[in-house]
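# Notes for the structure review
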Amino acid sequence: MLNEIKYKIIDSTNSEAQRQLQNGVAPKEDFVIRADFQTDGRGQRGNTWHSPNEQNLMFSYVFFPSKLEVKNQFMLSQAAATAVARYLINNGVENVSIKWPNDVYVGMKKICGMLIENSVSGHYIKYSIVGIGININQVNFPENLPNPTSLTRITGRLYDLDTEFAALIEILRNNLYEISRLNADTLMKRYKSMMLGLDRMLIYRSGGRVFKGIIRDVDYRGMLTLEDAETGLSDQYAFNEVNLVIPEQNKENI
Ligand code: BTN
């Protein structure tokens, strides 16, 4: 049985998981912190994550990997992102893809974001806090979000959050445990088969430069190989060095 601690309101499920782990009150095995509402939901690149009360899934899955080396930490992103993608496909959603490194998209719209925070001991990951926000029943979104969507927006149905949570957690747990069983190539193949923009031209921004790019590869560290479609030259990028431009210039590709 997975230990689940649910809050009606909390600052951030990632922060709460971190506090519990640091105070030594947390279980020594996998557990989940879940919330109906976050007052200080955190996103990638220092962004905030807003979600209305009781409409979407927000949780942090705390995973204790067995012997996962720090240099292989991208496998956590791969396992979690492919789990969410699989969950959506199982719900009959089409055009699901993973926007590098670990957002989940439907068409050119974002349905899920992740904030994965690892604690390291020597060469190994001691534990990983896999924070996931996935839009389920939300219909109206703030104007300032470039391209949000939700399961309800896509299918027109309303969902029971507990049921959806259980379905998603089962896939996520399996995928995370597979990290130690599967070889890295199998996970990479699965990730790449779902990757948005692989061998396809989309618009990117790096520094001040906006250009047409084609993802040619991603390596085991999570570094992206992006080809400039005009020059034919490829460069490698780390996560904060390049951004997909959304959605105006990419609309014709939806
Ligand atoms: C992003 O797309 O920028 C990542 C968003 C991650 C949001 C989730 S919601 C549950 C967990 N708790 C947080 O504070 N953040 C993550």
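Residues numbered from 1 in each chain as written. Predicted model: local features only at pLDDT ≥ 70, side-chain atom pairs only at ≥ 80, totals over all residues. Heavy atoms only, no water.

Before going further, it helps to spend a moment on the pairing of strand E11 (residues 234-237). Two faces belong to every sheet, and in a regular strand the side chains alternate between them. With four bridges joining them, strand E10 (residues 224-228) and E11 adopt antiparallel strand pairing. Along E11, the bridge assignment pairs Leu 224 with Tyr 237. Hairpin connection between E10 and E11: a loop of five residues separates the two successive antiparallel strands, and Gly 232 in this loop has a positive phi of roughly 80°. (Pairing = 2+ DSSP bridges. Helix = DSSP H or I, 4+ residues; strand = E, 2+ residues; numbered from the N terminus.)

In terms of burial, strand E3 (residues 57-63) is a largely internal element, seven of the seven residues being buried. With burial as the criterion, each face of E3 is covered, one bearing Leu 57, Phe 59, Tyr 61 and Phe 63 and the other bearing Met 58, Ser 60 and Val 62. Alignment of strand E2 (residues 31-35) against E3, held across four bridges, turns out to be antiparallel. Looking across to E3, one finds that Arg 34 is bridged to Phe 59. (Buried < 20%, exposed > 50% of the residue type's maximum accessible area, 1.4 Å probe, protein only.)

Now for the domain arrangement of the protein. A common measure of how large an interface is: the accessible area buried when the components associate. Taken as a whole, the protein is organised into domain 1 (3-192) and domain 2 (201-253). For domain 1 and domain 2, the distance between their C-alpha centres works out to 24 Å. Taken together, the contact pairs 15 residues of domain 1 with 18 residues of domain 2. In total, about 1,500 Å² of surface goes out of reach between domain 1 and domain 2, with carbon and sulfur atoms giving 71% of it. Contact with domain 2 buries area across many residues of domain 1, yet Arg 45, Trp 100 and Met 108 alone supply 48% of it, more than any other trio. Counting the contacts that link domain 1 with domain 2 gives one salt bridge. The salt bridge involving Lys 192 is made with Asp 217; its shortest N-O contact spans 2.7 Å. Counting across the interface, domain 1 meets domain 2 through three residue pairs in polar contact (both at pLDDT 80 or more). Looking at the side of domain 1 that touches domain 2, the element that brings in the most residues is helix H5 (residues 184-193), giving three residues. Across the side of domain 1 that touches domain 2, the residue classes tally to eight nonpolar, three polar and four charged. (Domains from an automatic or database assignment. Contact = heavy atoms within 4.5 Å. Buried area = accessible area lost by both parts, 1.4 Å probe. Salt bridge = Lys/Arg side-chain N within 4 Å of Asp/Glu carboxyl O. Polar contact = N/O pair within 3.5 Å; in protein donor to acceptor, adjacent residues only side chain to side chain. Nonpolar A, V, L, I, M, F, W, Y, C, P; charged D, E, K, R; others polar.)

Judged by nonpolar contacts, the single largest core of 61 residues is most densely connected at Phe 59, Tyr 61, Leu 88 and Ile 134. With eleven residues, the top contributor of residues to this core is helix H2 (residues 74-90). With near-sequence residues (within four places) excluded, Leu 88 lies in contact with Val 93, Val 96, Val 104, Val 106, Ile 111, Ile 134 and Leu 151. Ranked by size, the runner-up nonpolar core spans eight residues in total, among them Leu 21, Ala 26, Tyr 127 and Ile 129. (Core = buried A, V, L, I, M, F, W, Y, C linked by side-chain atoms within 4.5 Å.)

So, about the environment of Asn 135. Locating Asn 135 in the fold gives a position in the loop between strand E7 (124-134) and helix H3 (151-155). Relative accessible area serves as the criterion here: at 6%, Asn 135 is assigned to the buried category. Counting along the chain gives 22 residues from Asn 135 to Gly 113, while the straight-line C-alpha distance between them is 9.1 Å. Not counting the four nearest positions on each side in its chain, Asn 135 is found in contact with Trp 49, Asn 56, Lys 110, Ile 111, Phe 141, Thr 149, Ser 150 and Leu 151. At a separation of 3.0 Å, a polar atom in the side chain of Asn 135 contacts the main-chain carbonyl oxygen of Thr 149.

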